[in-house]
Amino acid sequence: MRKKNNKIKIGLVLSGGGARAAYQVGVLKAVAEVLPKETNNPFPIICGTSAGAINALAIAGRSGPFRLRIKKLEATWRQLDAKKVYRTDFFGVLKNSINMFFSFFHSGYALGKPKALLDNSPLRQLLDNYIRFRHVNEAIASGELEAVSITAVSYSTGKSVTFFQGNESHKPWDRVRRIGVPVELTIDHLMASSAIPTMFPAVQIGDRFFGDGAVRQLKPISPALRLGADKVFVIGVSDNLAHKANLPLIKHSPSIAQIIGHMFNSAFIDSIESDLETLKSINRLSEQMSADERAKKGVGDLKPVEFLAILPSQPIDKLACDYLNELPKSIKIFLKLTGATAQGGGVSAASYVMFSRGFCRKLLELGYQDGMAQKEAILDFFEEK
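Residues numbered from 1 in each chain as written. Predicted model: local features only at pLDDT ≥ 70, side-chain atom pairs only at ≥ 80, totals over all residues. Heavy atoms only, no water.

A. Representation of the overall build of the protein chain within the structure. Helix and strand counts for the protein chain stand at 15 helices and 10 strands. The proportion of buried residues among the 385 residues of the protein chain is 52%. Nonlocal contacts in the protein chain, meaning residues at least 24 apart in sequence, comprise 77% of its contacts between residues at least 6 apart. Of the roughly 18,000 Å² of accessible surface on the protein chain, a fraction of 54% belongs to carbon and sulfur atoms. (Helix = DSSP H or I, 4+ residues; strand = E, 2+ residues; numbered from the N terminus. Buried < 20%, exposed > 50% of the residue type's maximum accessible area, 1.4 Å probe, protein only. Contact = heavy atoms within 4.5 Å. Areas by Shrake-Rupley, 256 points an atom, 1.4 Å probe, with all protein chains shown as cover.)

B. Looking closely at helix α14 (residues 357-373). Given a rise of 1.5 Å per residue, 17 residues ought to cover 24 Å, and the 24 Å separating the end C-alpha atoms of α14 matches this to within 8%. Buried within α14 are the following residues: G358, F359, C360, L363, L364, L366, G367, D370 and G371. (Expected span 1.5 Å × (residues − 1).)

C. Quick look at helix α1 (residues 22-34). With 13 residues, α1 should cover 18 Å at 1.5 Å per step; its first-to-last C-alpha distance of 19 Å lies within 8% of that length. Most of α1 is tucked away, with 11 of its 13 residues classed as buried. Those residues of α1 that sit buried are A22, Y23, Q24, V25, G26, V27, L28, A30, V31, A32 and V34.

D. Seen up close, unusual backbone geometry. The backbone phi angle of S50 is positive, close to 60°, even though this residue is not glycine. Structurally, the position occupied by S50 is in the loop between β2 (45-49) and α2 (51-60). S50 gets classed as buried once you look at its relative accessible area, which sits at 1%.

E. Here's a closer look at the confidence of the model for the protein chain. Across the protein chain, the average pLDDT comes to 82, with 75% of residues at 70 or higher. Scored below 50 in pLDDT, residues 1-5 shows five contacts in the model against residues more than four places distant or in partner chains. The model gives residues 102-111 a pLDDT under 50, and that stretch makes five contacts with residues more than four places away or in other chains. (pLDDT = per-residue confidence, 0-100.)

F. Spotlight on the environment of I221. Mapped onto the elements of the fold, I221 is located in the loop between β8 (208-212) and α8 (222-226). Apart from residues lying up to four places away in sequence, I221 is in contact with V13, V232, V234, I272, D275, L276 and L279.

G. The packing of aromatic side chains, seen in detail. Evaluation of the coordinates by the stated rule reveals 12 aromatic pairs. On the numbers, 6.2 Å between centres and 40° between planes, the contact of Y86 with F200 is tilted. Of the two residues, Y86 sits in the loop between α3 (66-78) and α4 (90-103) while F200 sits in the loop between α7 (187-193) and β7 (203-205), which places them 114 residues apart along the sequence. Just as Y86 is buried, F200 falls in that class too. Measuring from ring centre to ring centre gives 5.4 Å for F163 and F210, while their planes differ by 70°; the resulting arrangement is edge-to-face. Separated by 47 residues along the polypeptide, F163 in strand β4 (residues 160-166) and F210 in strand β8 bring together distant segments of the chain. There is no split in this pair, since F163 and F210 are both buried. Joined through ring pairs, the aromatic side chains of F43, F66, F233, F381 and F382 make up one cluster. Over the aromatic face of Y368 sits the side chain of K29, whose NZ or CZ is 4.9 Å from the ring centroid. (Phe/Tyr/Trp six-rings, centres within 6.5 Å; stacked < 30°, edge-to-face > 60°. Lys NZ or Arg CZ within 6 Å of the ring centre and 35° of its normal.)

H. Representation of the packing of α3 against α14 in the model. It is the contact of α3 with α14, at a shortest axis distance of 8 Å, that shows an interaxial angle of 145°. Counting all contacts with α3, which are made through E74, W77 and R78, the residues of α14 involved are R357, C360, R361, L364 and E365. The residue inventory of the contact of α3 with α14, partitioned by class, reads three nonpolar, no polar and five charged. (Axes fitted to C-alpha atoms, helices over the stretch in contact; angles between N-to-C directions. Nonpolar A, V, L, I, M, F, W, Y, C, P; charged D, E, K, R; others polar.)

Printed below as a string of structure tokens:
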């Protein structure tokens, strides 16, 4: 057992994935039930990207026992539907589509506010009412929280920008294509991190525009380690490591949605899988050398990092097919026109914006089942050694 002043710091890493992030809450529900009821916050370092950033701030931005925080977050996801995330009326969808079309007459950019296919102003209102940003300051001041971060991409520089709020021990960093910037987090940072390209509008912070952090985040686990995590608990939204969805073989040319779906998967899914593989390789390499040997070779910072990763055990694309009809008519028409259906091969793209109660609840249940299936691994992970 380590001394109290050297207590192991556990980092929580929540990847992006739009509506798929409901799965993360299901896993966290299992964690809350496995840990002692009186646990306040088992994650002193919390890092999120895109929809994962929403879950991260929903935890860091609330007070009380961890189990109660997750219960409230689960209730919010269970009641979530499309109209609480983006405008679903025909006029709103049509207006955005027309605005994007006319942007082509202005060298491809929109005049006035940033444009996108969907207006996510309802999401801003929902999050502004739910998250208590002042509690982040209070939690850091009390020592309950070391740091919380959310990642966005700068459309000006192309860099992955991790906005973090923490105690004075945390310093900014500058690495290839990724930087860490200390700030006081606001709703704008959160909306920027979750602004899915083309779907939701970019967000201006200062004199620059930012979008979904998953777009250029090649190292999604890195922020947690930079902020001092000794080991990391990762919840992803990829089912690739389990098995592929048993979807019909698409024999026609790729639809727009199918192409976009592959782009989204590359941003939201592939990076976390790649980073986990890198972490495994680093662990294998560093475990073969003692601390003195690593120091002699000039790689003293290279040390094993314990991690536990929980990913969906069932194909999310296949699950999404069962809930397409729950979406508002205006969105269903739009998705059908772009090929975001099983027949069109673009159901993967649809899953990211499929904020329907049935789909979200199914993912919550799947996450909970997958979490409880690893009950012993979770207990072992949180045991101080």
